[in-house]
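Here is what each chain is made of, one letter per residue.
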Amino acid sequence: MFQRLQLQVLIKMATTSQVITCKGVVCWGGGEAVRLEEIEVDPPKSTEIRVKMLCSSICHTDIKRIRGSPVVKYPLAVGHEGVGVVESVGEEVKNLKEGDMVIPTFIGECKQCEICISGKSNLCMTNPLMLNGLMRDNTSRLSCKGKRLHHIFSCATWSEYMVVDANYAFKVDPSIDLAHASFISCGFSTGYGAAWKEAKVESGSSVAVFGLGAVGLGAISGAKMMGATKIIGIDKNDMKREKGEIFGMTHFINPSDSDMPPSELVKELSDGRMGVDYSFECTGISHLIIESLQATKVGTGKTIVIGAPTEPIEPFGFASILKGKTLKGSIFGGLKANSDLSIIADKCHKREFPLEELYTHEVQLADINQAFELLKQPNCVKVVIKI
């Protein structure tokens, strides 16, 4: 019996120390269609884990990277939202083990660096936002056809297996809904955190949310949780009205129905046309950043920019800033990768959010290109990728 157990352990060690050949989605150049390829996934190094992916989802950041915005290195292994099971761990990893359910995060949280201790930002200095498409040692664990693959942020989730540094992975309850876990790994949590942690929306305040995708619906949910009494959603898609109301929206604006700028339409719904207390720009469309700023109150209005723009920011009148308004950027909604995400994960597990409303379409990994067509459908919020 003991020898049989020893043999099983040796077999396991032999497997986890080897390169895994599996299927993964690769983009070979900016604007090119993605392809499902055979990729090689190296074993994890000392501080890393290799994860068998179970489920992923599509974020608009993935689409922007595929199109080459901003600067992207190719070939690119795509995807950054998802959930999976730890297949193997590096020898220095202490907080995770084989069999743990994890979601990737863009940033880590060391709780010891100057920023973590200050509580003023979630951008940890020890585990920073990774933008070079490589692991922390500037190498890659992924390759295809003899070429090194880059990835988005800290990992590549549209693959059967991937490697991520353990400091950029968050353990979740294994009974959590897989699709919901994928949603909170980026989109929904980013919007929710922007209202909760970045803006710190006050009870009784008014809020405008530009763009009602998963991020915008997260911002609505966060604003509702914080006690906002007027939550205005702005989107050109009338089908988003129902979704917004389910998450807590009180008023809806379709800018296509009026010749007035969105900021003026928001002001029409505000007391005395003063504007709202808080505004969240969730699309990355540059002129809407300006509109979201102009929609806020003079002297106290605060605008949080969540969506990453794909084009240069248009010039805007400095009068808005000089009159005391605030324009602030946000990464991951200001959420700390462990302290805050653990609270969201617990709420998700208890089904305190109607995340099932985000789950509108699904595809198998082999049908990944179909997902981009589904995203064009007016009733599409999130496309889930079954792996």
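So, how was this worked out
- Residues numbered from 1 in each chain as written.
- Predicted model: local features only at pLDDT ≥ 70, side-chain atom pairs only at ≥ 80, totals over all residues.
- Heavy atoms only, no water.
- Core = buried A, V, L, I, M, F, W, Y, C linked by side-chain atoms within 4.5 Å.
- Buried < 20%, exposed > 50% of the residue type's maximum accessible area, 1.4 Å probe, protein only.
- Helix = DSSP H or I, 4+ residues; strand = E, 2+ residues; numbered from the N terminus.
- Contact = heavy atoms within 4.5 Å.
- 1 Å grid on protein atoms, 1.4 Å probe; cavity = no way out; pocket = protein on both sides within 12 Å on 5 of 7 lines; lining within 4 Å.
- Points joined across faces, edges and corners; volume = space filled by probe spheres on them.
- Nonpolar A, V, L, I, M, F, W, Y, C, P; charged D, E, K, R; others polar.
- Arc of directions from axis to C-beta.

### Description of the nonpolar core
Of all hydrophobic cores here, the largest spans 74 residues; its most connected members are Ile58, Val78, Trp158, Val207, Phe280, Leu358 and Ile368. With six residues, helix 6 (residues 214-225) is the largest single contributor of residues to this core.

### Examining the environment of Glu291
Note that Glu291 resides in helix 9 (residues 286-294). Take Glu291: its relative accessible area is 12%, and that puts it in the buried class. It is 29 Å that separates the C-alpha atoms of Glu291 and Lys336, two residues lying 45 residues apart in sequence. Those residues in contact with Glu291 that sit more than four places away from it in its chain are Phe210, Pro261, Pro262 and Ser263.

### Things to note about the layout of surface pockets
There is about 220 Å³ of room inside the second largest pocket. Residue lining of the second largest pocket: 15 residues in total, with Gly119, Lys120, Ser121, Lys197 and Gly334 positioned closest to the centre. Elements with a minimum of two residues in the lining of the second largest pocket: helix 5 (187-198) and strand 17 (326-329). Considered class by class, the residues forming the lining of the second largest pocket number two nonpolar, six polar and seven charged.

### Focus on helix 7 (residues 240-247)
All buried positions along helix 7 are accounted for by Lys240, Lys243, Gly244 and Phe247. Take helix 7 and look down its axis: the buried residues cluster within an arc of 100 degrees, on one side only. Among the structural elements, helix 5, helix 6, strand 14 (251-253) and strand 18 (359-364) are those in contact with the buried residues of helix 7. Once helix 7 finishes, Gly248 follows within two positions and takes phi at roughly 125 degrees, a positive value.

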